[in-house]
Amino acid sequence: MMRIRTRKDLSDLAREGTRRLTSALPRLSVGMSSCGLAAGAGRLFDVLQADVGNNARLVRTGCLGFCDAEPLVEVNLPEKGRVLYGPVSEALAVELAAEARAGRFAAENVLGSLDPLVGESRRVDDIPPLTEHPFYSRQVKRVSRNLGQIDPLSLEEYTARGGYAALFQVMEQMSPEEVIEEIKRSGLRGRGGAGFPTGLKWEITRRAAGAPRYLIMNGDEGDPGAYMDRSLMEGDPHAILEGMLIGAYAVGAETGILYVRAEYPLAIERLSAAMEQAREAGLLGDHILGADFRFNVHLVRGAGAFVSGEETAMINALENHIAEPNPRPPYPAECGLNGRPTCINNVETWANVPLIIREGTEAFSRYGSSGSKGTKLFCLVGDVARSGLVEVPLGTTLNTIVNEIGGGARVRENMHG
């Protein structure tokens, strides 16, 4: 792994990532987030790997969103475009590989834009773009833009889609105070539930007396049926690290902690791999980008207690105390881990930061409501026709999410009929 110190270094790495993403070979992407693996994507990947050889590029990706149709395989043919298939059997996987090698799309199990959504045979030429599919048409892919599009274990592919450009931008062009003001202007609020203004939390942490300062990624997602944070950690780990690096520069922290619930082994694996890649590339550690800036992160496995997702309970757990909340004030931003200023943000919050810096506050605040800017990830689970991970502008109605994107309640046969 080459060390990144200059814009040219970043461009060279991104060029390699672009080569991978736009290979002249057919690209078969298998959704291998936890949901995909539970549906058999691992075995599917093995079947494809044994079949495609050097005639196609086979990659693991994160969650493609439409969990109800797992396992999912996206085929990308040069100069022809992309088609998503699901659910994919082992037999269909072999057919997909053969068709892709011949420069064609198979016609079975294409996810088109009309119901029935899965298992209907139709000519591929008649399939509308996936963005017209009712599951995707009302979504706005912002923080989840890389999920299913890149190999989460590839630093090159992350940089090819703009990764770490925001870190360069803040370190070359902005003071820490200017970074904080940019986050404040964006209107970003904490995505963990409380909705506290992120820029204000950063400002309080920077101004608080005492050193060292700490950053914490709250990955202790314990709400039943929720997997927004898990999907980001599994599918786009470098976005989280880049967000924390920008936060560290802004608040003056040298140490960060990734607190991840132990029930998320794949998230732990991919975050650990991203951390190692970032260290090798000089993006973590001392003299980041050749500057007098240091930041190290450590991953801690949570003990599985739901209450650990609360900030002060998490701090108690990190200090080897019982994971129980403390009365506030003082707040962690002023007196947190080891009695020092500590900025704790949710996984999704950190992943939004590079996007805001790179594209600007106006692009970010174009979506959302007057009081809550941007987009938000939600999980559709239970008795809905189409379950999965969705991203919509804040302010979107539940009717839109459940009935238009999710297709409404799943119709079940009367068991006593």
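Data block above holds the structure.
Below, the structure is looked at part by part. (Residues numbered from 1 in each chain as written. Predicted model: local features only at pLDDT ≥ 70, side-chain atom pairs only at ≥ 80, totals over all residues. Heavy atoms only, no water.)

### Focus on the pairing of strand β4 (residues 81–85)
For the record, the criterion: For two strands to be treated as a pair, DSSP must find no fewer than two bridges joining them. Only runs of H or I of at least four residues qualify as helices and only runs of E of at least two qualify as strands under DSSP, and these elements are numbered from the N terminus.
Strand direction decides the pairing type here: strand β3 (residues 73–77) and β4, joined by 5 bridges, are antiparallel. Following the sheet pairing, Val75 is matched in β4 by Val83. The hairpin formed by β3 and β4 contains 3 residues between the paired strands, and Glu79 there has a positive phi angle of roughly 70 degrees.

### So, the state of the cysteines
The condition that has to hold: In this description, a disulfide is simply a cysteine sulfur pair whose atoms lie within 2.5 Å. Each residue is placed in one exposure class: buried if its accessible area under a 1.4 Å probe, protein chains only, is under 20% of its type's maximum, exposed if it is over 50%, and partly exposed if it falls in between.
Applying the stated criterion across every chain yields a total of 0 disulfides. Here Cys63 is not cross-linked by a disulfide; its sulfur's nearest cysteine counterpart is in Cys67, at 3.9 Å. Judged by relative accessible area, which is 2%, Cys63 ranks as buried. No disulfide involves Cys67; its sulfur sits 3.7 Å from that of Cys35, the nearest cysteine. Classification of Cys67 by relative accessible area gives buried; the value is 15%.

### Quick look at the pairing of strand β6 (residues 255–261)
Here is the rule we go by: By the criterion used throughout, a crossover qualifies as right-handed when its path from the first strand across the helix to the second strand runs clockwise, the strands pointing away from the viewer.
Within β6, 6 of the 7 residues are buried, which leaves it mostly tucked inside the rest of the structure. Here strand β5 (residues 214–219) pairs with β6 via 6 bridges, running parallel. Across the sheet, Ile216 pairs through a bridge with Ile257, a residue of β6. Chirality of the crossover, the property in question, places the unit of β6, helix α11 (residues 265–280) and strand β7 (residues 296–302) among those that are right-handed.

### Points about the nonpolar core
Filter applied, for reference: Here, nonpolar core refers to any group of buried Ala, Val, Leu, Ile, Met, Phe, Trp, Tyr and Cys residues whose side-chain atoms link them within 4.5 Å. The contact rule is simple, with two residues in contact once any of their heavy atoms fall within 4.5 Å.
Tyr164, Leu167, Trp202, Met217, Ile240, Val260 and Phe295 are the most contacted members of the largest nonpolar core, which totals 72 residues. Per-element tally for this core: the top contributor is helix α10 (residues 237–251), with 10 residues. For Val260, the residues in contact, after removing those within four places along its chain, are Met217, Gly219, Met233, Ala267, Ile268, Leu271, Leu299, Val300, Arg301 and Gly302.

### Brief notes about the environment of His298
Looking at the element boundaries, His298 is found in strand β7. On a C-alpha basis, the gap between His298 and Val251 in space is 18 Å, while along the polypeptide they are 47 residues apart. With residues up to four places along the chain from it excluded, the contact list for His298 reads Thr255, Gly256, Ile257, Leu258 and Met275.

### Quick word on the packing of helix α6 (residues 165–173) against helix α13 (residues 347–359)
Applied cut-off: Each axis is a line fitted through C-alpha atoms, taken for helices only over the stretch in contact, and angles between the N-to-C directions span 0 to 180 degrees. Should an angle fall under 35 degrees it is taken as roughly parallel, and over 145 as roughly antiparallel, whereas 65 to 115 is taken as roughly perpendicular and any remaining angle as oblique. Less than a right angle of anticlockwise turn of the near helix away from the far helix marks a crossing as left-handed, whereas a clockwise turn marks it as right-handed. Note on residue classes: Ala, Val, Leu, Ile, Met, Phe, Trp, Tyr, Cys and Pro are nonpolar, Asp, Glu, Lys and Arg are charged, and everything else, Gly too, is polar.
Their axes nearest at 8 Å, the elements α6 and α13 cross at an angle of 60 degrees. In terms of orientation, α6 and α13 fall into the oblique class. Between α6 and α13 lies a crossing whose hand is left-handed. Two secondary-structure elements touch here, α6 through Ala165, Ala166, Gln169 and Val170 and α13 through Pro354, Ile357 and Arg358. Looking at side-chain class alone, the contact of α6 with α13 contains 5 nonpolar, 1 polar and 1 charged residues.

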